[in-house]
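# Secondary and tertiary structure notes
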Amino acid sequence: MSTTSSFVLARTILAIGAMALGAGIAAAADDATEDQILRALAPKKPLTRSLSAPRAADPTETQFVDTLRNRPSRSLSLGEREQIATLAKDKPAIDLEITFDYNSANISRKAAPAVEALGKALSNPDLKGSTFVVAGHTDSIGSEAYNQDLSERRADTIKRTLVEKFGIAGSDLVTVGYGKSKPKDAAHPADPSNRRVQVVNMTSQTTAAK
């Protein structure tokens, strides 16, 4: 990482962005509430009575997601990472700004409220049965190998915190790292907004708890 970036906390965002894995709602780390996160990640509902029948889960998609359970993020191939990104595009998501200590996967004190809100939201019965992707991203500063590793470690940190502090099943959290390959702001790849971790609800309407 460059000397200039040493003066900036490594910033992350839990979400899916239109230019990365999907479209989400943005919220600052100290503003997001449990309710906001819960509503953003809730399975999508039909818009009209004529569409009231729940969409059947795609068995191929379900099978693929099941193969990712309990897999270390480093074990995922490039093809698997890209397939996750493709499947996640239209899923419920939210952007949460969460800072990490510089050049580290340690969550900063400033980000504690956002992580607390996320943990409580994912523990809510309304999301019972859902599977969430936790995807790490970095800015363009540094080598591809370094950033790939850092993105994976940050995603793993979020998962570990959610499991250990909030009792969320590890098998319901799939971690993946994208390094600097999918910037949120492609026009400014070194921008801090690209240093983020994204979370998306991968579960279809029919398999999530009602």
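For the structure, check the block above.
Residues numbered from 1 in each chain as written. Predicted model: local features only at pLDDT ≥ 70, side-chain atom pairs only at ≥ 80, totals over all residues. Heavy atoms only, no water.

The subject of this paragraph is the overall build of the protein chain. A tally of regular secondary structure across the protein chain gives five helices and six strands. In the protein chain, the order of α-helices and β-strands from amino to carboxyl end is β-β-α-α-α-β-α-β-α-β-β. With 210 residues in all, the protein chain has 47% of them scored as buried. Contacts in the protein chain between residues at least 24 apart in sequence constitute 83% of all its contacts with a sequence separation of at least 6. If you sum the accessible surface of the protein chain, you get close to 10000 Å²; carbon and sulfur atoms cover 54% of it. (Helix = DSSP H or I, 4+ residues; strand = E, 2+ residues; numbered from the N terminus. Buried < 20%, exposed > 50% of the residue type's maximum accessible area, 1.4 Å probe, protein only. Contact = heavy atoms within 4.5 Å. Areas by Shrake-Rupley, 256 points an atom, 1.4 Å probe, with all protein chains shown as cover.)

Tracing the backbone shows Met202 in the segment after β6 (196-201). Take Met202: its relative accessible area is 6%, and that puts it in the buried class. Along the backbone, Met202 and Lys89 are 113 residues apart, and their C-alpha atoms lie at a distance of 9.6 Å. Ignoring any residue separated from it by four or fewer positions in sequence, one finds Met202 in contact with Glu61, Val65, Ile84, Leu87, Ala88, Lys91, Thr131 and Val133.

This brings us to the packing of helix α1 (residues 34-41) against helix α4 (residues 112-122). Running from N to C, α1 and α4 point in directions that differ by 50°, and their axes come no closer than 8 Å. With respect to their mutual orientation, α1 and α4 come out oblique. Taken as a pair, α1 and α4 cross one another with a handedness that is right-handed. Here α1 contributes Glu34, Ile37, Leu38 and Leu41 to the contact with α4, which in turn contributes Ala117, Leu118, Lys120, Ala121 and Leu122. Looking at the contact of α1 with α4, its residues break down into seven nonpolar, no polar and two charged. (Axes fitted to C-alpha atoms, helices over the stretch in contact; angles between N-to-C directions. Parallel < 35°, antiparallel > 145°, perpendicular 65-115°, else oblique. Left-handed = near helix turned anticlockwise from the far one by under 90°. Nonpolar A, V, L, I, M, F, W, Y, C, P; charged D, E, K, R; others polar.)

In terms of nonpolar packing, the biggest core is built from 27 residues, with Ile37, Leu122 and Leu162 touching the most fellow members. Taken together, the elements giving at least two residues each to this core come down to α1, β3 (93-100), α4, β4 (132-137), α5 (144-166) and β6. For this core, the element with the most residues is α4, which contributes six residues. In contact with Leu122, other than residues within four places in its own chain, are Leu41, Leu127, Phe132, Leu162, Ile168 and Leu173. Ranked by size, the runner-up nonpolar core spans 15 residues in total, among them Phe64, Ala88, Ala93 and Val133. (Core = buried A, V, L, I, M, F, W, Y, C linked by side-chain atoms within 4.5 Å.)

On to the pairing of β6, then. In terms of burial, β6 is largely enclosed, as six of its six residues are buried. Examined bridge by bridge, β4 and β6 share six bridges and lie antiparallel to one another. Counted as the bridge partner of His137 is Arg196 from β6. (Pairing = 2+ DSSP bridges.)

Summarising burial for strand β5 (residues 173-177): five of the five residues are buried, a large majority. Residue alternation in β5 divides its side chains into two sets, Leu173, Thr175 and Gly177 and Val174 and Val176, and both sets are buried. Here β4 pairs with β5 via five bridges, running parallel. Note on β5: the bridge partner recorded for Val133 is Val174. With respect to chirality, the unit in which β4 leads through α5 into the neighbouring parallel β5 is right-handed. (Right-handed = clockwise from strand over helix to strand, strands pointing away.)

Taken residue by residue, helix α3 (residues 78-88) has Glu80, Arg81, Ile84, Ala85 and Ala88 as its buried positions. Axial view of α3: buried residues confined to an arc of 140°, hence all on one face. Taken together, the buried residues of α3 touch α2 (59-68), β4, α5, β5 and β6. (Arc of directions from axis to C-beta.)

Assignment of secondary structure puts Val163 in helix α5. Classification of Val163 by relative accessible area gives partly exposed; the value is 30%. For Val163, the residues in contact, after removing those within four places along its chain, are Ile168, Ala169, Gly170 and Leu173.

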